[in-house]
Amino acid sequence: MSYGDGMNARVRSEERRAEIVRAALEVIAERGYRGASLAAVAEKVGLTQQGLLHHFPTKEALLVAVLEERDQWDAVPATQWRVDLLASLVEYNAMRPGIIQTFSALLGESVTEGHPARAYFTERYRQVRESMATVLRAEYGDRLPNGLTPERTAPLLVAVMDGLQYQWLLDPESVDMPGAFRDFLALLGEDV
C-alpha cells in the first residue's frame, strides 16, 4: 500500500466515523441512550453491527464521541464569552432542536448511577459553572446588582438555560426560549 492509499483509507475512515456519530446523534435523540442500539445506528449508515464495532468498539465509546462532537460545535474559549453572547447562544440553540434534544436526553439519563455519561456531565457542568462565574465577574465584578457573587449566580444561570431548553422541547409553541432567557438577563441587570 502506498502512502497515498494509506492517507485515502484514513480519510475514508474518519469520514465514516463522522457519519456514524451523526447517525448516533439522531438515534439517541429519537430513543435516548438506553433505547438506542448499535444495530440501529449501524443500519442508519448502511453497516453491519460488526462493521460499526470496527470504528467504535463499544456503545460507550460511541457515546463519548457523540458528546465530544457536540462540544466541538459549541466550542468558544471561556475568555471570549460575554453575558450578551449567552443570549445569542440560546437563540442559536433554538435553531437546532435535534441537537438540543439529544443533549437533553443524555443529560437526563446521566443522573442515574452507572450511566456512562455521568462523569462527562459532572465534569462538564463543573467547567460550565466556572466559566459562567468568570463571565459574570468580568461583567459585574465581585457582586452582581442582586448582591450575589458570580459563583452563587453561575449555577442559577446554567439552570435557567437548561431548564428553558427542556420546557421549549416539550412545548415550543408556548415557550419562547430566547425571549425568556433575555427576560432572565434583565433580572440580572442586563439591557438586552
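Look up: the structure comes first, before these words.
Not measured: the values here are computed from a predicted model. (Residues numbered from 1 in each chain as written. Predicted model: local features only at pLDDT ≥ 70, side-chain atom pairs only at ≥ 80, totals over all residues. Heavy atoms only, no water.)

A. Representation of helix α8 (residues 150–170) in the model. When the terminal C-alpha atoms of α8 are compared, their 30 Å separation across 21 residues agrees well with the 30 Å that a helix rising 1.5 Å per residue should span. Inspection of α8 places P150, T153, A154, L157, V158, M161, D162, L164, Q165 and W168 among the buried residues, and these make up the whole buried set. Summarising the axial view, the buried residues of α8 lie within an arc of 165°, below the 170-degree limit, and thus occupy one face. Of the residues in α8, the exposed ones pointing more than 90 degrees away from the buried face are R152 and L170. Structurally, α8 contributes buried residues whose contacts are with α5 (83–94), α6 (97–110), α7 (118–140) and α9 (177–188). (Helix = DSSP H or I, 4+ residues; strand = E, 2+ residues; numbered from the N terminus. Expected span 1.5 Å × (residues − 1). Buried < 20%, exposed > 50% of the residue type's maximum accessible area, 1.4 Å probe, protein only. Arc of directions from axis to C-beta. Contact = heavy atoms within 4.5 Å.)

B. Spotlight on the pattern of salt bridges. Per the stated rule, a full pass over the model turns up nine salt bridges. The partner of E130 in a salt bridge is R126, and the shortest N-O contact between them spans 3.1 Å. On the criterion of helical spacing, the pair formed by E130 and R126 is a turn pair, its members being four residues apart in helix α7. Taking the shortest distance from any N to any O, the salt bridge between E151 and R137 comes out at 2.7 Å. With E151 in helix α8 and R137 in helix α7, this residue pair connects regions lying 14 residues apart in the sequence. Where salt bridges share partners, they join E123, R126 and E130 into one cluster. (Salt bridge = Lys/Arg side-chain N within 4 Å of Asp/Glu carboxyl O.)

C. Seen up close, the packing of α6 against α7. Interaxial distance between α6 and α7 falls to 9 Å at its minimum, and their mutual angle equals 105°. Taken together, the axes of α6 and α7 lie roughly perpendicular to each other. Facing F103, L106, L107 and S110 of α6, the residues of α7 in contact are R118, F121, R124 and Y125. (Axes fitted to C-alpha atoms, helices over the stretch in contact; angles between N-to-C directions. Parallel < 35°, antiparallel > 145°, perpendicular 65-115°, else oblique.)

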